[in-house]
Amino acid sequence: MGFSQNISRLQPSATIAVSTLAKKLTAEGRDIINLSAGEPDFDTPAWISDGAVSGIRDGRTRYTPTPGMPALRQAVAGFMAHESGREVAPDGVVVSNGAKQSLFNAAFTLFGPGDEVLIGSPYWTSYPQIVTLARAEPVFVSGAESREFLLTPEDLDRAATQRTRGLILSSPSNPTGAVYSGAELEAVARWARDRGVWLVTDEIYRHIYYGDEPSAAGLLSLPADALGDFVLIDGVSKSWAMTGWRIGYAYTSAEVAKKMSALQSHMTSNAAAPSQMAALTAYSDPERALASAAEMTAAFRRRRDLVTRLFREALPDLPFVEPRGAFYLFFRVDSLFDDSCADSSAWCTRMLEDTGVAMVPGVAFGDDRFVRLSFATSDELLEQAIHRLAEAVAGAGAAGA
Ligand code: PMP
Ligand code: GLU
C-alpha cells in the first residue's frame, strides 16, 4: 500500500511497543517483569490529583486557550523562576499534551526540509522520528563512551555542517542516565549560541537526580549570556508520576511560543482542562511540589543503588553507564552476542522468552551494543529480574563453553 511521504519512514515507538507486548504477555498469564517503559510506579500525589477533581466539580471542563490556561502558564513560569532565580515570561510557555507534543511542536516550528538537526546519541527513541516527521534530517552525534556519551563542543564541531539548524539532547539522559554538569551544559549552550543553532533541551528528568543538589543543571541554571535561541522542554509526567495526565510544556521566546501555539491549535487544541488543573495545583506550590518530587526521587535513588550493586555482583562482565539521574540502566551486552543472538533486539527477545524480563534494545536509542532497563519498579521485582538475568547469562555461557 502506498503511504504518504510524511509517514513512509515512520517507526512506531519501541519503548511503547515493548511495554505493550509485556502487558499483553502478562494478561495471557505469563510471569513477566516489565522493565521496559519509563514510567514511575507511584501514584500521582493526592494533593495534585485533588486539583483536577475540584476543577471538574467547578466546571473547568471546557476548552482553554490553546497554550494553556493563563493561570497555568503563569504558574509554570513562576515555578521556573522560583527554581532558577531568573525572570521567566509566561507568554514564552506553551502547555501541551505531554512533553512529547512539546517536542513535536518545537520540531515542526523550527525545522524543515534541508535542515539538519543534531541529536545527542544515545537518544530518546522519539527524537529522530519527530525530526523526520518534520522532514528535516536527524544527524546523530555521540560523545566518548568514557565520558558517558556526553557531548563537548569538539564533538559538535565534528558533526555540524552549514545546514545544521538544531541540537536536541536530554539531561538527565534517557536512555543512559548521564547528566551534564552546569559547566558541560554551558559549553554546549555557548557552542549552539555561537553557531546560531537552536538548542532544544529535554529536561523532563531534571528533578530525578542523584547528585547533591535538588535537581540537575538545566538551561535556566546557566548564565544568561550563554544562551542563544533555545526551547526548554519539561512536564509533569516523570517528576510527579503523572504520565497518564498528558501535560508537558515548552519554554522559549514569545515569538516561537506563538507559532507553536498556532500549530497546536490545528492539532489538539489545548491539553485536557482537568489535567491542566492538576498541573496548576502542582506548579502553584513550588516548595510542596519539589518535596513530593524529592520523596519519589529518594526511592529511585535507593533502587539505582540496588540495581548497580546487583549488576556489579551478579553480572560483573556487563559494563553500564552509572545512572546519575532518570531511572534507567543502560548496559552493554555485545560481549554476549553470538551467531544465534547477534544484536540487542535478539538479546532482548531471548531474555523475554527465557526469563520473562522485558527490556528495550539499545538499537531503539541508537546503540545496538546496549540494552535499557527501567528501574522505576519495586525493589523486589528488580532483585528478581536481575537474578533471572544473571542465571540466564550464566546458563548461556555454560552452554556455549
Ligand atoms: N522526553 C523524554 C526523554 C522521555 O523519556 C519522555 C517519556 N515519557 C518524554 C519526553 C515524553 O513525556 P510525556 O509523557 O510528557 O509526553
Ligand atoms: N518515555 C518513556 C520511555 O522512554 C515512556 C514511553 C514513551 O513515551 O516512549 O520508556
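This text gives an overview of the structure that appears in the document. Given the structure is predicted, the values throughout are model-derived calculations rather than measurements.

1. Things to note about the overall build of the chain
Helix and strand counts for the chain come out as 12 helices and 13 strands. The C-alpha radius of gyration of the chain comes to 21 Å, within 12% of the 21 Å expected for a compact globule of 401 residues. Of all 401 residues assigned to the chain, the portion counted as buried reaches 56%. In the chain, the share of contacts with a sequence separation of at least 24, taken over all contacts with a separation of at least 6, comes to 73%.

2. Things to note about the site of ligand 1
Surveying the vicinity of ligand 1 reveals the residues G98, A99, K100, W124, Y127, N174, D202, I204, Y205, S237, K238 and R246. N174 is positioned with one of its side-chain polar atoms (N or O) 2.7 Å from an oxygen atom of ligand 1. Between ligand 1 and D202 there is a distance of 2.5 Å, counted from a nitrogen atom to a side-chain nitrogen or oxygen. Considered on its own, ligand 1 offers 390 Å² of accessible surface; in the complex 93% of this is hidden by protein. Considering every element that reaches the shell around ligand 1, the biggest residue donor is helix α4 (residues 98-110), with 3 residues.

3. Focus: the sheet that holds strand β4 (residues 137-142)
The strand order across the open sheet formed by 7 strands is β2-β8-β7-β6-β5-β3-β4, and the pairing between neighbours is mixed. One side of each edge strand has no neighbouring strand; the edge strands of this open sheet are β2 (93-96) and β4. Ignoring strand direction, the axes of neighbouring strands in this sheet form an average angle of 20°. As judged from the 4 bridges shared by β2 and strand β8 (residues 248-251), these two strands associate in the antiparallel manner. Along β8, the bridge assignment pairs V93 with Y251. Lying on the sheet, helix α8 (residues 254-267) is in contact with β2, β6 (198-202) and β8; it crosses β2 at an angle near 25°.

4. Details of the pairing of β4
Relative to β4, strand β3 (residues 116-121) is paired through 6 bridges, and the arrangement is parallel. Bridging across to β4, L118 finds its partner in V139. Each parallel crossover has a hand, and the one from β3 via helix α5 (residues 126-133) to β4 is right-handed.

5. Overview of the nonpolar core
Side chains of a nonpolar character, in soluble globular proteins, are inclined to be buried together. W240, Y283, F311, F331, W347 and M359 are the most contacted members of the largest nonpolar core, which has 119 residues in total. For this core, the element with the most residues is helix α10 (residues 286-314), which contributes 8 residues. Leave out the neighbours within four places in its chain, and Y283 touches L72, A75, V76, F79, G235, V236, W240 and Y249. Grouped together as the second largest cluster of nonpolar side chains are 13 residues, V18, V321, L352 and V360 included.

6. Quick notes on the pattern of salt bridges
Enumeration over the complete set of coordinates arrives at 24 salt bridges. With a shortest N-O distance of 3.5 Å, E203 and R206 are connected by a salt bridge. One salt bridge in this structure joins D379 and R303, with 3.4 Å as the shortest N-O distance. Separated by 76 residues along the polypeptide, D379 in helix α12 (residues 379-400) and R303 in helix α10 bring together distant segments of the chain.

7. A closer look at the site of ligand 2
In the region of ligand 2, the neighbouring residues are S13, T15, I16, A37, G38, K100, W124, N174, K238, Y328 and R372. Contact between ligand 2 and N174: an oxygen atom at 3.0 Å from a side-chain N or O atom of the residue. Taking K238, its side chain carries an N or O atom lying 3.3 Å from a nitrogen atom of ligand 2. In the complex, 86% of the free accessible area of ligand 2, which totals 280 Å², lies under the protein chains. Looking at the shell around ligand 2, its residues break down into 4 nonpolar, 4 polar and 3 charged.

8. Let's talk about the pairing of β3
The buried fraction of β3 is high, at 6 of 6 residues. Here β3 shows no split at all, with E116, L118 and G120 on one side and V117, I119 and S121 on the other all buried. As defined by bridge partners, β3 adjoins strand β5 (residues 164-170) across 4 bridges and the pair is classed as parallel. Paired with L118 across the two strands is L167, which belongs to β5.

9. Structural notes on α4
The first and last C-alpha atoms of α4 sit 19 Å apart over 13 residues, in line with the 18 Å expected at 1.5 Å per residue. Of the positions making up α4, those classed as buried are G98, A99, Q101, S102, L103, N105, A106, A107 and L110.

10. Points about unusual backbone geometry
Of note, the bond from S171 into P172 is cis; its omega dihedral lies within 30 degrees of zero at -10°. Within the secondary structure, P172 is located in the loop between β5 and α7 (182-195). Residue N174 is joined to P175 through a cis peptide bond whose omega torsion reads 25°. Within the secondary structure layout, P175 lies in the loop between β5 and α7. Although it is not a glycine, A326 sits at a positive phi angle of roughly 60°. Tracing the backbone shows A326 in the loop between β9 (320-321) and β10 (328-332). Residue classification places A326 among the buried residues on the basis of a relative accessible area of 0%.

Parameters at a glance
Position labels on residues start from 1 in each chain and follow its written sequence. Starting at A for chains and at 1 for ligands, labels are handed out in the order in which the entities are written. pLDDT decides what is reported in this predicted model: residues at 70 or higher carry local features, side-chain atom pairs at 80 or more are listed and counted, and totals for whole chains, interfaces and linings draw on all residues regardless. Hydrogens and water molecules were not included; the side-chain quantities draw on all heavy atoms of the structure. Each helix is a run of H or I in the DSSP string that is no shorter than four residues. Each strand is a run of E no shorter than two, and both are numbered from the N terminus. As defined in this context, the radius of gyration uses C-alpha atoms, and a globule is described by 2.2 Å times the residue total to the power 0.38. Each residue's exposure class comes from its accessible area (1.4 Å probe, protein chains only) as a fraction of the maximum for that residue type: buried when under 20%, exposed when over 50%, partly exposed otherwise. Residue contacts follow a heavy-atom distance rule, with two residues in contact if any of their heavy atoms lie within 4.5 Å. Throughout this document, a residue counts as near a molecule or strand when at least one of its heavy atoms sits within 4 Å of that molecule or strand. Contacts described as polar in this section are N or O atom pairs within 3.5 Å, which, within protein, must combine one atom able to donate a hydrogen with one able to accept it, while residues neighboring in sequence count only if both atoms come from side chains. Note on areas: Shrake-Rupley with a 1.4 Å probe; residue coverage comes only from the protein chains shown. Any two strands with at least two DSSP bridges between them are considered paired. Under this scheme, a helix contributes an axis fitted over its contacting stretch, all axes are lines through C-alpha atoms, and angles between N-to-C directions fall in the 0 to 180 degree range. The handedness rule is simple: strands pointing away from the viewer, and a clockwise path from the first strand over the helix to the second, make the crossover right-handed. Residues grouped as a nonpolar core are buried Ala, Val, Leu, Ile, Met, Phe, Trp, Tyr and Cys residues, joined through side-chain atoms within 4.5 Å. A side-chain nitrogen of Lys or Arg and a carboxyl oxygen of Asp or Glu constitute a salt bridge if their distance falls within 4 Å. Throughout this entry, Asp, Glu, Lys and Arg are counted as charged residues, while Ala, Val, Leu, Ile, Met, Phe, Trp, Tyr, Cys and Pro are counted as nonpolar. The remaining residues, Gly among them, count as polar. Take the residue count of a helix, subtract one, and multiply by 1.5 Å to get its expected span.

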